[in-house]
Amino acid sequence: MTGHPILSVQGLCVEFRTRNGTVRALDDVSLQVAKGEVLGIVGERGSGKSVTAFTVIGLLDAAGRAVSGQADYDGVPLLAAGKKSLGEKDLNDLRGREISMIFQNPRAALNPIRPVGKQIEDVLLRHNQATRQDAQRKAVDMLTKVKILEPERRYWAYPFELSGGMCQRVMIAIALACKPRLLIADEPTTGLDVTTQKATMDLMADLTRERGMSVVLITHDLGMAAAYCDRIVVMQKGKIVEAAPVAELFKDPKHPYTKKLLAASPGPDSALGDLTAVPDAPPAVETVSPAAVTKPMATPAAPVSENLLLEVKGLVKTFPRRGAKGGGWVWLKGHKGRNEEADFVAVDGISFSLRRGESLGLVGESGCGKSTTSSIVTRLLDPTAGQVILDGEDITAFKAARFARLPQRSKIQMVFQDPTESLNPRYSAADSIADPLKRLKGLRGGRQLDARIGELAEMVGLPQSLLTRFPHQLSGGQKARVGIARAIAVDPLLLVLDEPTSALDVSVQAVVLQLLDRLKRELGMSYIFVSHDLNVVRLLCERVIVMNKGRIVESGKAEAVLKQPQDPYTRSLIAAIPHFEPAKM
């Protein structure tokens, strides 16, 4: 690194007060960011990546405190434990104008009851970058720069009216509105589909290059770090374990933890058995044993039957637009910049089938209709038209509300995208697993129910000691196991998995994928795997369906479709996947 660093962190140690005593979150963290440099900070959740960023810019939680170390921005002391540093007033002036941050969850970071254009205006006015007369024009200009279509109209939109990708673009617009010199991006693309990820990162890279900014990119996606960073810092348990230029780190990683992260990341040529199997955690907490995880490779696959389990015929789902006739929210009709529109077609006449024992991947961008399709198939939504025939019975003949109480409900179950949000916070792990057994199998407690819960926990590799814990006391991988155990509790014929690994670290993702593969082999279930991660789909699915704008644009064997795509849209999806290839660096 040459020249004066724009950000310098030296010997930073941070501790948090908890009910069980003091926890050290950062331990002697030192790093520097040069002017115009993009520094990647990678590591699993809990490694200290975000705590480092929040501490530097003065947004640390009230329970945390820096016990030693210092952080300087272009020679100005932001933080100096036990010494005089910038006060809150000066920090507020610096944040947004000189240092900006893109937060991990844009929907949570944006004000839900204020139009997004007004939120951009707020930042411009706060830092004297606009007047009341030209603030709206400058806000619309920023929406244009981040490539939001119809920016004048979207200026008046609320966050809940925008897709995840559009909310992220608004966050970028807010962060860059005052032309800061340092941008901190905390997991800026988590939960976005691959093309939106690429568009977001390309946009951020173009704007930072155009303005000569420095960037700190916090991520657990090594492919993204390889594509967009100049240097990478690897963090584990609050410490920096390795730091090197991108090419050097991927070609010749030195630390065992870095090697493990690389081995756990699925690539275009990875096999499921190649991924790192056991996450870095004490066996009593996260895993049962390596043998329990590697078991799937030794279990012969249940043969795929020629008999159809599921037939979807001419499926259509429309939603009324806000302001349209019968669409509700009539008060929006007269709002400036809003027009009445026809119904929105989310799923447009699609048909497909699934054989017994088969895995089918459903892929596409956000808004392509894949989650709506899976919700109709699981009978959480009623279709506008079409049929879903499961095990020879048309289950769309029953309304979704009624289907939840029918015996047929046990034939089809779902594993949801967010393992935290999908579990009842007041239920222990055992209670969550027991719930479908009580509702659909009629078990009412006693030894039989306890034995079944224990059997399911063992099946998914969840230690018996964790069954009494509540969701907030479990790791992401443990919560994912509880969700899977709950779904398979009633012996379903079909399991629909909606982005089941998108919120997990790469090593935990590897464990969950191998677990799902083993359960499919042992129990003979069929899977519909909804995902935007095409590498993960290729590892787990025999066939794949590609959706775009509510329609199926390509389908076939997963290996063939993902290796030799025929449709331009499929090719664009595959081209957008970030991955690292050390041999080409």
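Structure first, text after, so check above.
None of the values given here were measured: they were computed from a predicted structure.

A. Here's a closer look at the sheet that holds strand β4 (residues 64-73). Pairing within the open sheet is antiparallel, and its four strands lie in the order β2-β1-β4-β5. The sheet is open, and its two edges are formed by β2 (21-33) and β5 (76-80), each paired on a single side. Mean inter-strand twist for the sheet, computed between neighbouring axes without regard to direction, equals 15 degrees. Judged from the nine bridges that link them, strand β1 (residues 7-18) and β2 form a sheet pairing that is antiparallel. If you follow Thr18 over to β2, its bridge partner there is Gly21.

B. Molecular detail of the sheet that holds strand β17 (residues 494-498). Reading across the sheet, the six strands line up as β16-β17-β18-β13-β19-β20 and stay open at both edges, with mixed pairing between neighbours. Only two strands of the sheet have a single neighbouring strand rather than two, namely β16 (412-415) and β20 (551-557). Each adjacent strand pair in this sheet contributes to an overall mean axis angle of 20 degrees, direction not counted. Where helix α21 (residues 568-575) meets the sheet, it contacts β19 (543-548) and β20, and its direction lies at approximately 105 degrees from that of β19.

C. Region of the structure containing unusual backbone geometry. Non-glycine residue Arg379 carries a positive phi angle of around 65 degrees. Tracing the sequence through the fold places Arg379 in the loop between α13 (370-377) and β14 (385-390). Here Lys549, not a glycine, exhibits a phi torsion of approximately 55 degrees, which is positive. Along the chain, the position of Lys549 falls in the loop between β19 and β20. You can call Lys549 exposed: its relative accessible area is 68%.

D. Structural context of the nonpolar core. Core analysis: the biggest nonpolar cluster contains 57 residues, and Ile484, Ile488, Leu519 and Phe529 have the highest contact counts within it. The element contributing the most residues to this core is helix α18 (residues 506-523), with seven residues. Apart from residues lying up to four places away in sequence, Ile488 is in contact with Arg452, Leu456, Met459, Val460, Leu495, Leu519, Leu523 and Met525.

E. Inspection of the packing of helix α11 (residues 256-264) against α18 at higher detail. Two elements in contact, α11 and α18, have axes separated by 8 Å at closest approach and are oriented at 45 degrees. Classified by the angle between their axes, α11 and α18 sit oblique to one another. Judged by the sense of rotation from one axis to the other, the crossing of α11 with α18 is left-handed. Within the contact between the two elements, α11 uses Lys260, Leu261 and Ala264 and α18 uses Val506, Ser507 and Ala510.

F. Representation of the packing of aromatic side chains. For the coordinates displayed, the defined rule picks out three aromatic pairs. Taking 5.0 Å as the distance between ring centres and 75 degrees as the angle between the ring planes, the aromatic pair formed by Tyr155 and Trp156 counts as edge-to-face. There is no split in this pair, since Tyr155 and Trp156 are both buried. An angle of 20 degrees between the planes, with centres 6.0 Å apart, marks the rings of Tyr158 and Phe160 as stacked. Residue Phe160 is classed as partly exposed on the basis of its relative accessible area, which comes to 46%. The ring of Phe319 carries the charged tip of Lys317 above its face, separated from the ring centre by 5.2 Å.

G. View of the environment of Met213. Relative to the helices and strands, Met213 is located in the loop between α8 (194-211) and β8 (214-219). The exposure class of Met213 is buried, given its relative accessible area of 2%. Taking the C-alpha atoms as reference points, Met213 and Ile99, separated by 114 residues in sequence, lie 9.9 Å from one another.

H. Fine view of the side chain of Glu98. Within the secondary structure, Glu98 is located in the loop between α2 (88-94) and β6 (99-102). A polar side-chain atom of Glu98 sits 2.6 Å from a polar atom in the side chain of Tyr73. Residue contacts for Glu98: discarding those within four places in its chain leaves Tyr73, Pro180, Arg181 and Leu182.

I. Seen up close, the pattern of salt bridges. Overall, the coordinates contain 31 salt bridges when judged by the stated rule. With a shortest N-O distance of 2.8 Å, Asp122 and Arg114 are connected by a salt bridge. The shortest N-O distance in the salt bridge between Arg355 and Glu358 comes to 3.4 Å. Given a relative accessible area of 26%, Arg355 falls into the partly exposed group. Each of Lys35, Asp74, Asp93, Arg97, Glu98 and Arg181 takes part in salt bridges that share partners, so that together they form one network.

J. Here's a closer look at the environment of Gly349. With respect to the helices and strands, Gly349 occurs in strand β12 (residues 344-355). Once residues within four sequence positions are removed from consideration, Gly349 is found in contact with Gly314, Leu315 and Val316.

K. Up close: α18. Relative to the 26 Å expected for 18 residues at 1.5 Å per residue, α18 spans 26 Å between its end C-alpha atoms, a close match to the ideal helical length. Judged by how many residues are buried, α18 sits mostly within the fold: 15 of 18 residues are covered.

L. Local environment of the packing of helix α4 (residues 116-126) against helix α7 (residues 164-176). One way to put it is that α4 packs onto α7 with a least axis distance of 9 Å and a crossing angle of 20 degrees. Our classification of the angle between α4 and α7 gives roughly parallel. Handedness of the α4/α7 crossing: right-handed. Judged by residue contacts, Val116, Gln119, Ile120 and Val123 of α4 engage Val170, Ala173 and Ile174 from α7. Of the residues belonging to the contact of α4 with α7, the class tally is six nonpolar, one polar and no charged.

What counts and how
- Residues numbered from 1 in each chain as written.
- Predicted model: local features only at pLDDT ≥ 70, side-chain atom pairs only at ≥ 80, totals over all residues.
- Heavy atoms only, no water.
- Pairing = 2+ DSSP bridges.
- Helix = DSSP H or I, 4+ residues; strand = E, 2+ residues; numbered from the N terminus.
- Axes fitted to C-alpha atoms, helices over the stretch in contact; angles between N-to-C directions.
- Contact = heavy atoms within 4.5 Å.
- Buried < 20%, exposed > 50% of the residue type's maximum accessible area, 1.4 Å probe, protein only.
- Core = buried A, V, L, I, M, F, W, Y, C linked by side-chain atoms within 4.5 Å.
- Parallel < 35°, antiparallel > 145°, perpendicular 65-115°, else oblique.
- Left-handed = near helix turned anticlockwise from the far one by under 90°.
- Phe/Tyr/Trp six-rings, centres within 6.5 Å; stacked < 30°, edge-to-face > 60°.
- Lys NZ or Arg CZ within 6 Å of the ring centre and 35° of its normal.
- Polar contact = N/O pair within 3.5 Å; in protein donor to acceptor, adjacent residues only side chain to side chain.
- Salt bridge = Lys/Arg side-chain N within 4 Å of Asp/Glu carboxyl O.
- Expected span 1.5 Å × (residues − 1).
- Nonpolar A, V, L, I, M, F, W, Y, C, P; charged D, E, K, R; others polar.

Everything listed here is a matter of geometry and, on its own, says nothing about what the molecule does.
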